[in-house]
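Structural features, examined
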Amino acid sequence: MPYAHITGWGMAVPNKVLTNDELSKMVETSDAWIRERTGIRERRIASDSETASALGAEAAFKALSMARLLPNQVDLIICATSSPEYIFPATASLIQDKLGASNAGAFDLLAACTGFIYALDMAAQSIRSGALKTVLVVGAENLSRYTNYKDRNTCILFGDGAGAFVLQASEKPGGVMRSVLHSDGSGGKFLFVPASGSHSPASEDTVRNGLHFIHMDGKEVFRFATRVMAQATLEAAEKSGWKPDELSLVIPHQANIRIIEAAARGLKMPMEKFFVNLERYGNTSTASIPIATVEAVQVGKLKPGDKVVFVGFGAGLTWGALAAEWTGPILPERTIRAEWFKPFARVRSLLRRLLRMLEGILFGREP
Ligand code: ACO
C-alpha cells in the first residue's frame, strides 16, 4: 500500500491590509478590544481580480514548484472553500483551468473551516488506495465578499487568502497518518449564510435583510470550538500511535488566540508547540491551516521527520484533525517553476474556448 506524503506547499494572500484601526472607523470597536478578545491585528482583503480561484491557483503553482511537479502531472484537484466563486462550476475547476492541469479531475469540498482537513483526508485516502498518485489540495477564500462590514460581531474576524498542499504517493513509510472527521448539524444555525442556497434563493427581501452575509452566534461557536479542538487533536494523535508529548507541532485553524490557548491547556502542551499567525491574517477559513503551515516551514518550526497534527473546526458544525509525519519534496533536486506555465495555461484555455466556438459554427449546436 503506498503512503501519502505532503511534498509541496504554497500560499497566496491579497496585498491590501485591513487593520483593526481601519475597522474601528467602520464599526464601533477598537484595536485594543479586537486584539484582547481575538489576537487579530490585521487581515487581508481581496481586490476584484484576487478571486478565490486566482489566489488558489497562485498558491497551487507555488506548491507544485516546491514538489518539483508540472501542472499536467496532477491527477486530482480538491478545493476546500467556504466562499466558492459560484455554486457551480466548482472553484476547483476554475483553478484546474488556471493551472493548465490537463490531466486532473476537480471538485469542491464544503465543510467550512474544517474543509482543508476533510480534503487532505480524502486526498490521502485516494492515494493510499492506489487509485491516484498526485493530488493537489487547495483552501481558497474570498470571505470578505460574504462579510457584513456593519456587523462588528463578524467583520473583525475574517480575511482572504489561499494555501495549497501537494500530496504524492511513495513506498517510503510516513506522510499522512490517521485522521478524525466529525459533524454535528444540529448546530448549523450558529454560523451560516442564511440566503443564496436553494433554501432561500436571492430575492429583494434577502438582499435588504443582509441574508447573504455571514451570521454567527460567536459565544456558541467559541464554546463548541474550545470543547472539540483538544479532543480531536488527541484522537488523531492516538489513532496514529503517538502521545501528545511526542508531537513536534500542532497547526490549528487560526480563528481566535483564546480558542488555541484553551486547546493547549486541554492537551497540557505549551503554546510554543502551537503555530499561530492569526494576528496578521485573521480567520481565512479553509486557507488558514495551509497558510500557517507555509509560514511554520519558513521559520523552521516544521522540519522533515516532525510529527504534526493539523486541527480545525467550523460551520456545520464540523471539526477534525489529521496527523502527519512531515516529509518535504520526494523528487530529486531540480528546479521547476510551475508558475512559468501560467501563460501556457492561459493560451490553452483560450484555444479550448476558440475550438469550442469553431465546432459550434462548423457543426451547429444540435446533437
Ligand atoms: N468590538 C467591541 N465590542 C464588541 C465587539 C467588537 N468587535 N463585538 C462584541 N462586542 C461587545 C459585545 O456587545 C459585548 O458587550 P456587552 O457585554 O455590553 O453585551 C461584549 O463585547 C462581549 O461580547 P462577547 O460576544 O461576549 O465577546 P467574546 O469574548 O465572546 O468575543 C468573539 C466575541 C470574538 C466573536 C468570540 O465569541 C469568538 O471568537 N467566537 C468564535 C468565532 C469563530 O471562531 N468563528 C469562526 C468559526 S470558523 C468558520 O467556519 C468560518
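Below is a summary of the structure that appears in this document. (Residues numbered from 1 in each chain as written. Predicted model: local features only at pLDDT ≥ 70, side-chain atom pairs only at ≥ 80, totals over all residues.)

Secondary structure summary: the chain contains 11 helices and 13 strands in total. Taking 21 Å as the expected radius of gyration for a compact globule of 367 residues, we find that the chain reaches 20 Å, a close match to that expectation. The principal-axis extents of the C-alpha atoms in the chain amount to approximately 65 × 55 × 35 Å. Within the chain, buried positions represent 51% of all 367 residues. Sequence-distant contacts, at least 24 apart, represent 79% of the contacts inside the chain between residues at least 6 apart. (Helix = DSSP H or I, 4+ residues; strand = E, 2+ residues; numbered from the N terminus. Rg over C-alpha atoms; globule rule 2.2 N^0.38 Å. Buried ≥ 20, exposed ≤ 12 C-beta atoms within 10 Å, placed from the backbone. Contact = placed C-beta atoms within 7 Å.)

On to the sheet that holds strand S1 (residues 3–12), then. Strand order in the open sheet formed by 5 strands is S1-S7-S6-S4-S5, with mixed pairing between adjacent strands. Two strands in the sheet have a free side with no partner beyond their single neighbour: S1 and strand S5 (105–109). Shown here is a sheet whose adjacent strand axes are inclined to one another by a mean of 20 degrees, direction ignored. Sheet topology note: the strand S4 (residues 76–80)/S5 ladder contains 5 bridges and is parallel. For Cys79, the partnering residue across the bridge sits in S5 and is Asp108. Of the strands in this sheet, S1, S4, strand S6 (134–141) and strand S7 (161–170) touch helix H3 (residues 52–67), which is tilted by about 130 degrees from S1. Packing of helix H5 (residues 115–128) onto the sheet brings it into contact with S1, S4, S5, S6 and S7, and relative to S6 it is tilted by some 170 degrees. (Pairing = 2+ DSSP bridges. Axes fitted to C-alpha atoms, helices over the stretch in contact; angles between N-to-C directions.)

A few words on the site of the ligand. Around the ligand sit 24 residues, and of these Thr29, Cys113, Gly218, Ala255 and Gly314 come closest. Breaking the shell around the ligand down by element, the ones donating at least two residues are helix H2 (31–38) and helix H7 (218–239). In terms of residue count, H7 provides more of the shell around the ligand than any other element does, 5 residues in total. For the shell around the ligand, the class distribution of residues is 12 nonpolar, 9 polar and 3 charged. (Near = placed C-beta within 6 Å. Nonpolar A, V, L, I, M, F, W, Y, C, P; charged D, E, K, R; others polar.)

For the rest of this paragraph, the subject is H3. An ideal rise of 1.5 Å per residue puts 22 Å on 16 residues; H3 measures up with 22 Å between its terminal C-alpha atoms. Positive phi shows up at Arg68, right after H3, with a value of about 60 degrees. (Expected span 1.5 Å × (residues − 1).)

Okay, the sheet that holds strand S11 (residues 249–252) next. Reading across from one edge, S8-S13-S12-S11 is the order of the 4 strands in this open sheet, with mixed pairing throughout. The open sheet terminates on both sides in strands that have one partner only, identified here as strand S8 (175–183) and S11. Sheet twist, expressed as the mean angle between neighbouring strand axes with direction ignored, is 15 degrees. Pairing geometry for strand S12 (residues 307–314) and strand S13 (residues 318–325), over 8 bridges, is antiparallel. Each residue of the ladder has a partner; that of Val311, found in S13, is Ala321.

With that settled, the discussion passes to the nonpolar core. Ranked by internal contacts, the top residues of the largest apolar core, which has 117 residues, are Ala60, Ala63, Ile77, Ile78, Val137 and Val138. When residues of this core are assigned to their parent elements, the largest contribution, 11 residues, is made by H3. Among residues more than four places away in sequence, those in contact with Ala60 are Gly10, Ile95, Leu99, Leu136, Val138 and Ala164. (Core = buried A, V, L, I, M, F, W, Y, C linked by C-beta atoms within 7 Å.)

With that out of the way, let us pick up the packing of H3 against helix H4 (residues 91–99). Across the interface, H3 lies against H4 with an axial gap of 9 Å and an inter-helix angle of 55 degrees. Considering their axes alone, H3 and H4 lie oblique with respect to each other. Two packed elements cross with a definite hand, and for H3 against H4 that hand is right-handed. Contacts between H3 and H4 pair Ala52, Ser53, Gly56, Ala57, Ala60 and Phe61 from the former with Thr91, Leu94, Ile95, Lys98 and Leu99 from the latter. Residue composition of the contact of H3 with H4, by class: 7 nonpolar, 3 polar and 1 charged. (Parallel < 35°, antiparallel > 145°, perpendicular 65-115°, else oblique. Left-handed = near helix turned anticlockwise from the far one by under 90°.)

For the rest of this paragraph, the subject is the environment of Phe116. Looking at the secondary structure, you find Phe116 in helix H5. Residue class for Phe116 comes out buried when judged on the 35 C-beta atoms lying within 10 Å of it. Remark: the alpha-carbon pair of Phe116 and Gly312, spanning 196 residues in sequence, is separated by 8.3 Å. If sequence neighbours within four positions are ignored, Phe116 has contacts with Ala80, Val137, Gly139, Thr286, Ile289, Pro290 and Gly312.

Within the secondary structure layout, Val276 lies in the loop between helix H8 (257–267) and helix H9 (278–281). Not counting residues within four places of it along the chain, the set of residues in contact with Val276 comprises Gln254, Ile257 and Ile260.

To continue, consider the pairing of S11. Covered by surrounding structure in S11 are Leu249 and Ile251 together with Val250 and Pro252, the residues of both alternating faces. Pairing analysis gives 4 bridges linking S11 to S12, with the strands arranged parallel. Counted as the bridge partner of Val250 is Val309 from S12.

On to unusual backbone geometry, then. In the segment running from Phe88 into Pro89, the intervening peptide bond is cis, with an omega of 5 degrees. Relative to the helices and strands, Pro89 resides in the loop between S4 and H4. Geometrically, the link from Gly316 to Leu317 is a cis peptide bond, its omega value of -5 degrees lying close to zero. With phi around 60 degrees, Arg68 is a residue other than glycine that occupies positive phi space. Considering the arrangement of structural elements, one finds Arg68 in the loop between H3 and S4. Positive phi outside glycine occurs at Lys268, with the angle close to 55 degrees. For Lys268, a count of 9 C-beta atoms within 10 Å translates into the label exposed.

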